[in-house]
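# Fold and contact review
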Amino acid sequence: MSEKAFIEWSYVDHWVENIVNQINERELEFDTIVGIGRGGLIPSTMISYKLKCVQLQNFSITTRHAEDIIINQRPSLSGNVLIVDDINDSGKTFEIVDSLINNDERYKNIKSLTYCSLIKRYTSTFNKDTIEAIQTKLDDWFIFPWDK
């Protein structure tokens, strides 16, 4: 990553609205919305309010270093599930979460999994049923308002 790009709240608001519009256009409904802790917690909360989905949970996982994947909290999930993160950078976090969910008997009652992020970087390798507000080719390190 070369430069820091500071994201203003107005962009976040616009991106969340964009995601909600895409969800509505696709006529998707979710039983549960899951924020990837920590970066996805605020956007997932904003989306849950706009979609009037009261079942909001946290999947607390750290994937910054491949050798140190740490799972702090696993949600209880069933039905149609939306997984939210702030950025789909390399795709690694979504890949790990997807693998954990699909290989865990506790999640056998999930009907559908949809992934979304405010930003999807061009380097992401995760393309399974995803929704993103914007795609970028920038290599900047994005600083969201909650990171400041």
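This write-up is about the structure you can find in this document. (Residues numbered from 1 in each chain as written. Predicted model: local features only at pLDDT ≥ 70, side-chain atom pairs only at ≥ 80, totals over all residues. Heavy atoms only, no water.)

Another point: the environment of Ser-60. Considering the arrangement of structural elements, one finds Ser-60 in strand E3 (residues 56–62). For the pair formed by Ser-60 and Val-34, sequence separation is 26 residues and the distance between their alpha carbons is 9.8 Å. (Helix = DSSP H or I, 4+ residues; strand = E, 2+ residues; numbered from the N terminus.)

Moving on, we come to the environment of Asp-89. Within the secondary structure, Asp-89 is located in the loop between strand E5 (79–88) and helix H3 (92–102). Using a relative accessible area of 23% as the deciding quantity, one classes Asp-89 as partly exposed. (Buried < 20%, exposed > 50% of the residue type's maximum accessible area, 1.4 Å probe, protein only.)

With that settled, consider helix H2 (residues 41–51). Turning to H2, its buried residues are Pro-43, Ser-44, Met-46, Ile-47 and Ser-48. Close packing links the buried residues of H2 with helix H1 (9–25), strand E2 (32–37), E3, E5 and strand E6 (110–121). A positive phi of about 55° marks Lys-52, the residue just after H2. (Contact = heavy atoms within 4.5 Å.)

Under the criterion given, the structure shown has six salt bridges. Linking Asp-98 and Lys-128 is a salt bridge whose minimum nitrogen-to-oxygen distance equals 2.9 Å. Taken as a pair, Asp-98 in helix H3 and Lys-128 in the loop between E6 and strand E7 (130–136) lie far apart in primary sequence, 30 residues in all. Judged by its relative accessible area of 10%, Asp-98 falls in the buried class. As a salt-bridge pair, Asp-104 and Arg-106 come within 2.6 Å of each other at their nearest N and O atoms. On the basis of relative accessibility, which here comes to 14%, the residue Asp-104 falls in the buried class. With relative accessibility at 56%, the residue Arg-106 sits in the exposed group. (Salt bridge = Lys/Arg side-chain N within 4 Å of Asp/Glu carboxyl O.)

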